[in-house]
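Chains, contacts and geometry: an overview
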Amino acid sequence: MELSENLARITINSKTKQIMGISLHQKHLRFKCRRCATFCCKLGGPKLTKKGIERIEQAGYGAKDFLEPTLNSRFKGLPMRGSLKNKEDGSCVFLKFDAEKNGYECSIYDFRPVLCRLYPFEFEGINSNSVMLKFVPCCRGLNNPDGELVDKGFITNYLLDAMLEFLEDVKSDAILR
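First, a word on what this report is: a plain description of the structure on this page. Bear in mind the structure is a predicted one, so any value in this text is a computation, not a measurement. (Residues numbered from 1 in each chain as written. Predicted model: local features only at pLDDT ≥ 70, side-chain atom pairs only at ≥ 80, totals over all residues. Heavy atoms only, no water.)

1. Re the overall build of the protein
Check the secondary structure of the protein and you find 4 helices and 11 strands. Counting every position in the protein, which comprises 177 residues, the buried fraction comes to 38%. Long-range contacts, defined here as pairs at least 24 residues apart, represent 65% of the contacts in the protein between residues at least 6 apart. Split by element, the accessible area of the protein, about 10,400 Å² in all, is 50% carbon and sulfur. (Helix = DSSP H or I, 4+ residues; strand = E, 2+ residues; numbered from the N terminus. Buried < 20%, exposed > 50% of the residue type's maximum accessible area, 1.4 Å probe, protein only. Contact = heavy atoms within 4.5 Å. Areas by Shrake-Rupley, 256 points an atom, 1.4 Å probe, with all protein chains shown as cover.)

As structure tokens, this is what we get:
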């Protein structure tokens, strides 16, 4: 099966924060995290928004423990305040190996930044109400045979909140400029 990185066009009502429509471009894509952390966490931590930094601080960490500041950095129109620090091996500072589970886990999973919550999915703005949902093709969890079908329910259940948070950050930054 040949895949395009464009997964779905999503129209969102920004006032009600609800999906108004989803037009799927891929109908057979499945996803289940393999807990390999090969591309998402072992290649360093993501860029952080102000809200992402606040989320991690809610987990009890001080910014000096995790934040690698950057100056004038932007991602998809949103100002980034820095990125997660890396360990000596290049992996994210919050990545831990759990020998009992024989897999990796994030030590701040419930507080992880928006880009982590979306991975391996990302989106590109089309206009003020629509985004193109895409996926990062190198993720080993994509097309995992026992994975969940990435359909309207998957998008609503797993990606909507993170997408709305990211869009809200973009809009609040535009108001501040």
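2. Digging into the sheet that holds strand β10 (residues 130-135)
Strand order in this open sheet of 4 strands is β2-β1-β10-β9, and the pairing throughout is antiparallel. The sheet is open, and its two edges are formed by β2 (18-24) and β9 (121-125), each paired on a single side. On average, each strand axis in the sheet is inclined to that of its neighbour by 30 degrees, with strand direction left out of account. Bridge analysis of strand β1 (residues 6-13) against β10 gives 5 bridges, and the strand direction is antiparallel. Looking at the pairing, T11 lines up with S130 of β10. (Pairing = 2+ DSSP bridges. Axes fitted to C-alpha atoms, helices over the stretch in contact; angles between N-to-C directions.)

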